[in-house]
Amino acid sequence: MLKLEDLLRKALLAAIEQYGVFEEDVDIVLEKPRESGHGDLSTNLALTLGGRLGRKPRELAGEIAAAVSLPREIIASVEIAGPGFINFRIAREHQIDRLLALLRSDGSLAAIKTGGGKRINVEFISANPTGPLNVVSARAGAFGMTLANLLDAIGFDAHAEYYVNDAGRQIKLLGRSLRAHYLQLAGRPVEFPENGYKGRYLEIMAAELLAKDSKAIQEAGAAFDDESFQRIELPCGDAATWGELPEDEAVGCFAKYALMKILGWQRETCRRFGLRFETWYFESELHETRRIERALERLKKQGAVYEQEDAVWFRSTDFGDEKDRVLVRSDGMPTYFLADIAYHYHKFQRGFEHAIDFWGPDHHGYIPRMQGAMKALGVPEGWLEIQILQQVTFLEDGRILDMSKRKGQFVTMDALMDEVGADVAKFLFLTRKPNSHLDFDLDLARQQSDVNPVLKVKYAHARSCSLLKNAAERGVEVGEPTAESLSHLEDESAWAVARELVRLPQVIVSAATSREPHRLTGYALEIATLYNQFYNQCKRILDQDPARRLALLHLSVVTGHVLRKVAELIGIEMPEAMEKRD
RNA sequence: GCGCCCGUAGCUCAGUUGGAUAGAGCAGCGGACUUCUAAUCCGCAGGCCGCAGGUUCGAAUCCUGCCGGGCGCGCCA
């Protein structure tokens with residue numbers, strides 16, 4: 001695909017030299033016209049050039065079209081149309097080559113690997129470890145993972161990362177909350193902490209701890225066997241004795257236990273959702289390795305810091321923020337902001353050439369100060385890229401669900417997967433672009449019916465598989481598609497599928513570079529629709545004469561391959577058969 | 001009040017980074033099952049692309065100003 005565009009660009013450049021226009025003067029845009037009647041590729045070159053040269057675009061287009069020289073076996077026709085578009089129609093032989101190139105390991109999907117193996121860090125979800133993962137994290141999960149997959153697909157080395165805020169007030173509050181639940185269950189009067197976590201999960205956790213005690217602790221700890229979680233350590237002793245400890249110490253033990261349990265849940269939820277994080281980065285590590293102080297020192301050295309009213313401030317107004325921000329509170333505690341600076345600075349030091357963060361819309365006001373801090377630390381402009389994922393509103397019975405964690409009334413990511421399945425959820429999240437709000441109607445998603453676009457895609461895939469299976473059962477030798485077999489592709493509906501299939505490399509590149517993974521789902525749906533149309537149009541493929549039959553079967557081979565490729569990027573299953581529904 | 005995001009069919013949203021006659025799904029109406037799996041397909045109807053200016057060959061897309069909605073504006077995280 002890209003090679004073809006280069007060829008056209010070169011030819012067009014040669015054709016416009018006569019007007020004294022050279023490569024550096026123009027940006028030649030080639031795109032697939034919306035209407036297939038307008039050819040396979042189109043350029044607006046004459047339109048943009050017309051104004052500059054003081055010529056009528058349509059006339060100019062005619063001249064350029066006449067001057068452009070292209071090999072016949074690649075470009076079948078060059079036409080001018082509309083106000084001055086130049087439209088190219090790709091020769092059948094070359095379209096077939098492109099279809100075949102999709103299947104080759106050194107083909108068009110290899111050609112888009114232009115990232116040079118550069119390491120890119122993609123951080124997403126990073127929810128507080130104070131409860132089970134909330135559904136609002138699911139969208140970030142789907143986007144982050146798919147973007148990481150896309151970056152890998154274009155030749156980068158993407159590194160999915162989860163930041164764990166396992167230090168600070170929230171954790172203390174978590175410990176106090178669990179302790180209160182535990183003591184209450186043990187029949188001891190205790191005041192529940194203000195703003196404490198009241199979710200059922202903590203009551204259950206407390207009950208389990210009360211019933212099984214050290215055994216529960218051992219079990220929770222045993223869940224962490226891999227490297228990322230070596231920081232997780234068992235709390236001292238057993239729960240029965242924690243109640244006797246001074247409150248501060250007891251809180252520490254309860255907090256450790258709660259953290260261990262909750263991280264276990266969160267990790268399991270991510271696994272179930274198909275999210276593979278290469279690193280779980282713990283905030284506590286930043287404290288232990290003194291990176292927080294070191295980041296502060298560095299900011300001080302740059303003169304970006306001052307003291308006022310016992311607190312330490314970052315001069316973020318120097319970097320376009322609306323006010324300066326506190327780094328160290330007057331009680332001597334570093335703020336979340338400072339820890340986050342240290343974390344991102346360390347991310348930079350770890351050798352990533354680029355970092356992408358996915359944040360919720362409630363954090364957008366945080367961007368200027370974070371970017372300001374990176375700049376102050378000498379991190380190159382643009383190194384940190386922050387993507388804001390807009391809000392998801394969940395609807396049930398036509399009403400908006402309140403997702404507040406604190407009130408203990410929330411829908412978990414696990415509940416979502418129980419209800420609609422991971423694939424449906426992922427696909428639906430990825431049908432909207434990142435910066436538009438998403439209404440997720442649970443009643444609708446629960447229906448395993450045709451309102452679910454993902455099923456349409458899966459069905460199209462299963463259909464292509466069953467067609468091939470039936471062919472085999474009838475003794476038809478299918479084998480691999482070749483230029484010869486596909487040369488018998490005649491049906492217009494089949495070519496409509498083919499033309500869409502060969503766009504795959506471009507779709508991947510554009511989805512990756514624009515950070516808009518939702519283009520993948522749209523593409524998959526388009527393929528499914530076109531394939532269904534084709535399937536309806538070309539009745540009884542297996543009863544056709546052998547040459548045509550083989551061409552259509554081979555088109556199905558490529559279709560299946562492309563759908564699986566997209567599914568792999570999105571992280572969903574593509575079944576070979578669907579259960580028959582009556 | 002200031003900042004960010006959004007405003008496209010009755011509903012939920014796409015719109016290939018400024019292109020040709022603005023699309024899809026659902027809902028509505030009418031068709032196609034002696035089926036290679038109908039979870040499908042075909043047709044009809046549905047639009048002031050929030051409003052008003054501007055930029056240019058050309059704007060749903062870019063700029064400005066309004067209107068409407070969401071979110072944010074802590075020594076919280």
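Note that the structure is a prediction, hence the values are computed from the model and not measured. (Residues numbered from 1 in each chain as written. Chains lettered and ligands numbered in written order. Predicted model: local features only at pLDDT ≥ 70, side-chain atom pairs only at ≥ 80, totals over all residues. Heavy atoms only, no water.)

> Hey, could you run me through the side chain of Gln387 in this one?
Inspection of the secondary structure puts Gln387 in strand β12 (residues 384-388). With near-sequence residues (within four places) excluded, Gln387 lies in contact with Ile356, Asp357, Phe358, Trp359 and Arg515. (Helix = DSSP H or I, 4+ residues; strand = E, 2+ residues; numbered from the N terminus. Contact = heavy atoms within 4.5 Å.)

> I'm lost on the nonpolar core in this one. Help?
Soluble globular proteins: nonpolar side chains tend toward being buried together. Among the nonpolar cores identified, the biggest contains 131 residues, and Ile125, Leu209, Tyr257, Phe273, Leu416 and Phe429 are the most heavily contacted of them. A per-element tally of this core places helix α24 (residues 546-570) first, with 12 residues. Excluding residues within four positions of it along the chain, Ile125 makes contact with Leu133, Ser137, Ala140, Gly141, Tyr162, Cys270, Leu275 and Phe277. Counting residues in hydrophobic clusters, the runner-up holds 34 residues, among them Tyr281, Trp359, Trp383 and Ile386. (Core = buried A, V, L, I, M, F, W, Y, C linked by side-chain atoms within 4.5 Å. Buried < 20%, exposed > 50% of the residue type's maximum accessible area, 1.4 Å probe, protein only.)

> Whenever I open this one, the packing of helix α19 (residues 453-473) against α24 confuses me. Can you help?
When two helices pack together, their arrangement is captured by the angle between the axes and the distance separating the axes. At their nearest, the axes of α19 and α24 sit 9 Å apart, and the two run at 140 degrees to each other. Compared by their axis directions, α19 and α24 come out oblique. The hand of the α19/α24 crossing is left-handed. Of the residues in α24, those in contact with Val457, Ala460, His461, Ser464, Leu467, Leu468 and Ala471 of α19 are Leu553, Ser556, Val557, Gly560, Leu563 and Arg564. Taken together, the residues that form the contact of α19 with α24 break down as 8 nonpolar, 4 polar and 1 charged. (Axes fitted to C-alpha atoms, helices over the stretch in contact; angles between N-to-C directions. Parallel < 35°, antiparallel > 145°, perpendicular 65-115°, else oblique. Left-handed = near helix turned anticlockwise from the far one by under 90°. Nonpolar A, V, L, I, M, F, W, Y, C, P; charged D, E, K, R; others polar.)

> Can you walk me through the pairing of strand β7 (residues 279-282) in this structure?
For a regular strand, the rule is simple: side chains alternate between the two faces of the sheet. Of the two faces of β7, the one lined by Thr279 and Tyr281 and the one lined by Trp280 and Phe282 are each fully buried. The sheet contact formed by strand β6 (residues 157-164) and β7 spans 4 bridges and is parallel. Counterpart to Glu161 in the pairing with β7 is Thr279. (Pairing = 2+ DSSP bridges.)

> Help me understand the pattern of salt bridges, please; the structure alone is not making it clear to me.
All told, the structure shown has 32 salt bridges when counted by the stated rule. A salt bridge links Lys458 to Asp423; the shortest N-O distance between them is 2.7 Å. One end of the pair, Lys458, is in helix α19; the other, Asp423, is in helix α17 (residues 422-429), and 35 residues separate them in sequence. This pair shows no difference in class: Lys458 is buried, exactly as Asp423 is. (Salt bridge = Lys/Arg side-chain N within 4 Å of Asp/Glu carboxyl O.)

> I'm lost on the environment of Ala547 in this one. Help?
Mapped onto the elements of the fold, Ala547 is located in helix α24. A residue is classified by how much of its surface remains accessible, and Ala547, at 29% relative accessible area, is partly exposed. Taking the C-alpha atoms as reference points, Ala547 and Glu484, 63 residues apart in sequence, are found 9.5 Å from one another.

> I would appreciate a short explanation of the protein's contact with RNA strand B in the present structure.
The immediate surroundings of RNA strand B are formed by 61 residues, with His364, Tyr459, Asn470, Tyr535 and Arg540 found nearest. When atoms of RNA strand B within 4 Å of the protein are sorted by moiety, sugar and phosphate together comprise 59%. At 2.8 Å from a base nitrogen of RNA strand B is found a side-chain nitrogen or oxygen belonging to Asn87. In this structure, a phosphate oxygen belonging to RNA strand B sits 2.9 Å away from a side-chain N or O atom of His518. Elements that contribute at least two residues to the surface near RNA strand B include exactly α2 (45-53), β4 (85-90), α7 (169-185), β9 (311-314), β15 (438-441), α19 and α23 (518-537). Top element by residues in the surface near RNA strand B is α19. It accounts for 7 residues. (Near = heavy atom within 4 Å. Polar contact = N/O pair within 3.5 Å; in protein donor to acceptor, adjacent residues only side chain to side chain.)

> Help me understand the domain arrangement of chain A, please; the structure alone is not making it clear to me.
Often, the extent of an interface is quoted as the loss of accessible area on bringing the components together. Split by domain assignment, chain A resolves into domain 1 (4-90), domain 2 (92-118 + 448-582) and domain 3 (289-388). Computed over C-alpha atoms, the centres of domain 1 and domain 3 are 49 Å apart. (Domains from an automatic or database assignment.)

> I'm lost on the sheet that holds β9 in this one. Help?
Backbone-to-backbone hydrogen bonds join strands into a sheet, with any given pair of strands oriented parallel or antiparallel. Pairing within the open sheet is antiparallel, and its 3 strands lie in the order β8-β9-β10. Looking along the sheet, the strands with just one partner apiece sit at the ends: β8 (305-308) and β10 (325-328). Strand-to-strand, the axes of this sheet are offset by a mean angle of 45 degrees, without reference to chain direction. This element, helix α14 (residues 336-349), spans β9 and β10 of the sheet and lies at about 75 degrees to β10.

> Please clarify how the pairing of strand β13 (residues 392-396) should be interpreted in this entry.
Most of β13 is tucked away: 4 of the 5 residues are buried. Summarising the sheet, β13 and β15 pair through 4 bridges and their orientation is parallel. What sits directly across from Thr393, in β15, is Asp439. The pairing of β13 with strand β14 (residues 399-400) spans 2 bridges and is antiparallel. Residue pairing across strands places Glu396 opposite Arg399, the latter belonging to β14. Here β13 folds back onto β14 in antiparallel fashion, the turn holding 2 residues, of which Asp397 has a positive phi close to 50 degrees.

> Is there a simple way to think about the packing of aromatic side chains in this case?
All chains considered together, the criterion is met by 25 aromatic pairs. When the ring of Trp359 is compared with that of Tyr366, the centres are 5.5 Å apart and the planes differ by 70 degrees; the resulting orientation is edge-to-face. Comparing Trp359 with Tyr366 shows no difference in burial state: the two are buried. Joined through ring pairs, the aromatic side chains of Phe124, Tyr162, Phe224, Phe229, Phe277, Trp280 and Phe282 make up one cluster. Residue placement shows Arg369 over the ring face of Phe337; its charged tip is 6.0 Å from the ring centre. Note that Lys426 overlies the ring of Phe273, its terminal NZ or CZ placed 5.3 Å from the centroid. (Phe/Tyr/Trp six-rings, centres within 6.5 Å; stacked < 30°, edge-to-face > 60°. Lys NZ or Arg CZ within 6 Å of the ring centre and 35° of its normal.)

> Just to check I follow, could you spell out the environment of Glu59 for this structure?
Checked against the element boundaries, Glu59 lands in helix α3 (residues 57-67). Look at Glu59 and you get partly exposed, because its relative accessible area is 44%. Linking Glu59 and Val420, residues 361 residues apart in sequence, is a C-alpha distance of 57 Å.

> How do you make sense of the environment of Leu486 when you look at a structure like this?
Within the secondary structure, Leu486 is located in helix α20 (residues 483-486). On the basis of relative accessible area, Leu486 is assigned to the buried category, the value being 0%. When sequence neighbours within four positions are dropped, the list of residues in contact with Leu486 reads Ile96, Leu99, Leu100, Pro481, Ala551, His554 and Leu555.

> Before we go on, may I ask you to explain the sheet that holds strand β11 (residues 354-359) in this structure?
With parallel pairing, 5 strands are arranged side by side in an open sheet as β7-β6-β5-β11-β12. Strands with a single pairing partner mark the edges of an open sheet, and in this sheet they are β7 and β12. Shown here is a sheet whose adjacent strand axes are inclined to one another by a mean of 25 degrees, direction ignored. Sheet topology note: the strand β5 (residues 119-123)/β6 ladder contains 5 bridges and is parallel. Bridge pairing in β6 places Ile120 opposite Ala158. Helix α11 (residues 247-272) contacts β6 and β7 of the sheet and is inclined by roughly 155 degrees relative to β7. Each of β11 and β12 is contacted by helix α15 (residues 367-376), which is oriented at about 170 degrees to β12, the strand it contacts most.

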